[in-house]
Amino acid sequence: MRIPCPHCGERDVQEFSYLGDAGVVRPEGSDASIAAMHDYVHLRDNPAGPHRELWYHAAGCHAWLVVTRDTRTHAILSAESARAAGLARRVAVGAGEA
Amino acid sequence: MALGRPAAALRNGVTTTGLRPLAPTPMQTHRLASGGFVDRSRPLPFVFDGRAMTGLAGDTLASALLANGVRLVGRSFKYHRPRGILSAGSEEPNALVELRAGARREPNTRATGIELFDGLVAESQNRWPSLHFDMLAINAWFSPFIKAGFYYKTFMWPASLWENLYEPLIRRAAGLGRAAGEEDPDHYEKAFAFCDVLVVGSGPAGLAAALAAGRGGARVILCEEDFALGGRLLSERKEVDGVEGHVWAARAVAELQSMPEVRILPRSTVFGAYDHGTYGAVERVADHLSVPPGHLPRQRGWRIVAKRCVLASGAIERPMVFAGNDLPGVMLAGAVRSYLNRFAVAPGRRAVVYTSGDDGWRTLVDLARAGVEVAALVDTRPAVDESLIALARSHDVRTVLGAEVLRARGFQSLAAVEIGASDGRIERIACDLLAMSNGWNPALHLTAHLGGRPRWDDSLAAFVPGTVPSGMAVAGAAAGKLALAEALADGVRLGSEAAAACGFAGPAIPVAAETERTGSAPLWRAPKRGANKAFVDLQNDVTVADVALAHREGFRAVEHLKRYTTLGMATDQGKTSNLPGLAIMAALSGRTIPEVGATVFRPPYTPVAIGALAGHHRGKDFRPTRRSPVHAWAQARGAVFVEAGLWLRQQYFPRAGERDWLETVKREVATVRGGVGLCDVSTLGKIDIQGADAAEFLERVYVNGWKSLAIGRARYGLMLREDGFVLDDGTTSRLGEEHFVMTTTTASAAKVMQHLEFCRQVLWPELDVQMTPVTEQWAQLAVAGPRSREALRAVVDNAHDLSNEAFPYLAAGEVTVGGGVPARLFRISFSGELAYELAVPASFGEAAAEAIMAAGAPFGIAPYGTEALSAMRIEKGHVAGNELNGQTTARDLGLGGMMSTKKDFVGRLMAKRSALVDPDRPMLAGFRPVRLSDRLRAGAHFLPLGAPASAEHDEGHMTSAAFSPTLGSWIGLGLIRRGAERVGERVRALDPVRGGDVEVEICSPVFVDPAGERLRG
Ligand SMILES: [Zn+2]
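1. Re empty space enclosed by the protein
Residue and element names in this part refer to chain B. Evaluation of the coordinates by the stated rule reveals 10 cavities of 30 Å³ or more. Volume-wise, the largest cavity comes out at about 180 Å³. Contributing to the lining of the largest cavity are 14 residues, with N441, F463, N578, L579 and F601 lying nearest its centre. Within the residue set of the lining of the largest cavity, elements represented by two or more residues are β25 (440–442) and α13 (578–589). Counting residues per element, the lining of the largest cavity draws most heavily on α13, which supplies 3 residues. In terms of residue class, the lining of the largest cavity is built from 8 nonpolar, 5 polar and 1 charged. A domain-level breakdown of the lining of the largest cavity finds at least three residues from each of domain 2 (189–315 + 442–501) and domain 4 (524–603).

Printed below as a string of structure tokens:
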């Protein structure tokens, strides 16, 4: 597999480590429940099709990426900086709250 | 047997040039006087089964053996039946040999793919004691007992007999070749390449595609598994663009060689297609040399990344299935043409051609041209085109239509075939060569490696590529386009399309070739007679009877058929056997072939040596070695090194007269506890953390508090994984308001970095914090012992006050040493003594170590290694890697009190899970032997006194043990149920692996200076 790192260009998969689902959100704060944390740590969907997942460019720029990969074909539909995606999400959530 | 020997064309001897007389060896009795792409001026001596023979440059081992009249080249896997050479390519199921001798011996090597070299030595396989007299051929007599399912049915129980009886027996009786059993003396390498268009195969379609793409300017890689380029153009007599096919091929190769962006890799098999245009190939760089020269690897494993791929891998001819079809002398018709035309070898003197298609008829022309008598041409079809009949007539060859070969006869080699005519008459025809063809299978393997399913094509009666990997196009025979003109046109079109897709539009110049007849009607009937001698899979000895048995017993789906009969599961992966097996199963069960199914193809296309995949990653180069910046200094000081992950760490520094490591370690500990010692701690992970939110960040990743840490102070920190278990520990120092430097354990440095980056980028992207691993930028030296301050005083520049008041325990800051060299000084202690760690830029490490040694000399300074370090940390009850094993919580380690209740941090909630706070969990405690002379060992399990040694009485285990020079006995740290609560209790520490069984007393894990007075002094 080849992953198009937004910083380094298309690189071999051996340079990356896989983590999993990019959609789970850590329950933050002191009042988070243990049940919510349990789900966050352990529960994952296993979709057949496009999947947003986290990859770490360990042998490259050390960026965490959100890679959208079709689990049936390994086709990579997109790869973006996880940090940028997270900030964008926070902006969106913040706007929603306001 | 009457062998017509017409043959001015056949001649004895090899010295066609007459220049060089040869040693008396068997003659090349079957070499043609002229033609072929062998070099008659370069005879190559070789040895097969101890017999000296001679072949020619350009031969394969198979063609050289045939030239010498050798037909019997091996025994079969299960029945030890005599076997010869079936094919002329990598699909060969029979002619497997052990190539070379000694440490270079390579089993199961296909004679058809071995390029002959001077001094080649090969041996036949699966025969005992000799090829011609094989005792185990008696297996054949018992063949009813070794039929399909034999292994499952016979060797079911008792299980104990497997190891001692069945397996050794089966391995001896039914094995393939022997491995060398010695270390491979050659080296291998990995290579990486990127291109626009990868062309797989250099036959007519491949050459046409490479030319079209190359002319457009694309970066092209052309891989050919053979050592000669041209594919079937070398084996058939065909005209292309008005010249002989091989001339056209040579011109095409010359043009490709002139293109700077084209790389041609002969002797290179593309063995796998992987995701996103990645292909694996193995280049046999030096397999055609007896010993690779020092600068060359034997093989090179390529990883090729291609934007587009044109697969022009050709087609594999299908054998006919009839009784005795495994006898030496029964060959594929295309292979016979290849031996005649390319290698100038007549594989027999009197031939019968047996075909179900037009294509096979060409064979009679080539045989006749070479002077081989063609006794008959048998076609299974009742009628064929008149032009074919005329062709046979013009060569005076008798034709028998609508007939079948019922049985091949002969002892160790073909002597005759029995032909069954349509009217039921049976005729016996003497012959020593049967050239058979039952149509062709596109070599579509690479199209299926990513899950693509081949499609059945009724008009071709073959599977053709179905869905293919993205970026791949299939050209020529591999796509079912068997006629030459069609294959060439396909290559031109797909080559230029592939180049255009990469932005290199070029001219698609057509190539002209005559049309070919490709009509066929393959025969799939299961023979009625001799089914147990009619072989479907020659390499795994699977017969029609086995397929029939699988059918009777219900193993009718293709995957069941394979596993029950082992059909197609040998090293050739059924290249010649899968389809006949499917077809016979289809016939037996009244289904069509696609209804039975297609087998799944997986990489590798042909076997690949592990060496080619490993490259230089073997032995000590299996992984990189990391050396500390003061490695050479330590080496000069006599250090003994130990591997710690990738690192080489200094274990201890023996002195002359010390009897063993323990004596050395005792001395080193005594030096530190009584004076001063120096230890290299550069391998500890160091991470520089900066930013306005750096303190907030640490607050979230460590269990304890960081915001209160003053500038110029260090603190011990503990971090958890989100699931609540301990991830790592270490000290982190605050060098500025927004600047920290973290240390991690040696083993977990990369893991912690990845975790911190995850926290920073994914969990809390809004935090203003940056981090950089700086482990390799700093040499870090621990200076420990009551005299350490005095020793350091002479090294650290005078401007810096090192007094206990100015630089107390857990002080940290930037200093200069040696007159202005920037450094960092930390007053932290692993040993429990007054101690410092001095970090200097890596390139100053050795100078700093020497300066400290000189400054410490008056106080008896000595370097110490990880053993003494470990003994002292156990004396102090500090946890390390043995305790931070990924299964312990902060509470287990007695560090539960560090977990802040005033903030959120990674792992906080999950650490509260009921099982993780169970009071019965094993927790950290110290252990001392009741009898002081007893030795403790890490790994020993704790049992209540008097309890039997069984799992239900297991209470935990000893994680670390060391001899404590301070206490004068062995001491240990361990995890035991309820831990420190049980101080004073005695338990048994059982180490059955090393015979240890010691009564120990549970004690505090801190053995030395529990109040911590020394390190504050
Ligand atoms: Zn990157």
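2. A word on the domain arrangement of chain B
Residue and element names in this part refer to chain B. When its domains are assigned, chain B resolves into domain 1 (6–135), domain 2 (189–315 + 442–501), domain 3 (319–438) and domain 4 (524–603). Averaged C-alpha coordinates put domain 1 and domain 2 at centres separated by 28 Å. With 10 residues of domain 1 in contact, the opposing surface of domain 2 contributes 13 residues. Buried surface at the junction of domain 1 and domain 2, both sides included, amounts to about 1000 Å², of which 51% is carbon and sulfur. A per-residue breakdown of the area domain 1 buries against domain 2 is headed by F37, R100 and E115, which together make up 51% of the total. Summed over the shared surface of domain 1 and domain 2, the number is 1 salt bridge. Note that E115 and R267 form a salt bridge whose closest N and O atoms lie 2.6 Å from each other. Across the contact surface, domain 1 and domain 2 share 5 residue pairs in polar contact (both at pLDDT 80 or more). Residues of the side of domain 1 that touches domain 2, tallied by class, amount to 2 nonpolar, 3 polar and 5 charged.

3. What about the interface of chain A and chain B?
It is common to report an interface's size as the accessible area lost on association of the parts. Facing the 32 residues of chain A at the interface are 31 residues of chain B. Buried surface at the junction of chain A and chain B, summed over both partners, amounts to about 2700 Å²; 54% is from carbon and sulfur atoms. Run the count over chain A and chain B and you get 4 salt bridges. Measuring nitrogen to oxygen at the nearest pair gives 2.9 Å for the salt bridge that ties B:E766 to A:R90. If you look at where chain A meets chain B, you find 17 residue pairs in polar contact (both at pLDDT 80 or more). Looking at the side of chain A that touches chain B, the elements that each hand over two or more residues are β3 (17–21), α1 (34–42), β4 (50–56) and α2 (82–97) of chain A. Classifying every residue of the side of chain A that touches chain B by side-chain character gives 15 nonpolar, 11 polar and 6 charged.

Rules used throughout
- Residues numbered from 1 in each chain as written.
- Chains lettered and ligands numbered in written order.
- Predicted model: local features only at pLDDT ≥ 70, side-chain atom pairs only at ≥ 80, totals over all residues.
- Heavy atoms only, no water.
- 1 Å grid on protein atoms, 1.4 Å probe; cavity = no way out; pocket = protein on both sides within 12 Å on 5 of 7 lines; lining within 4 Å.
- Points joined across faces, edges and corners; volume = space filled by probe spheres on them.
- Helix = DSSP H or I, 4+ residues; strand = E, 2+ residues; numbered from the N terminus.
- Nonpolar A, V, L, I, M, F, W, Y, C, P; charged D, E, K, R; others polar.
- Domains from an automatic or database assignment.
- Contact = heavy atoms within 4.5 Å.
- Buried area = accessible area lost by both parts, 1.4 Å probe.
- Salt bridge = Lys/Arg side-chain N within 4 Å of Asp/Glu carboxyl O.
- Polar contact = N/O pair within 3.5 Å; in protein donor to acceptor, adjacent residues only side chain to side chain.

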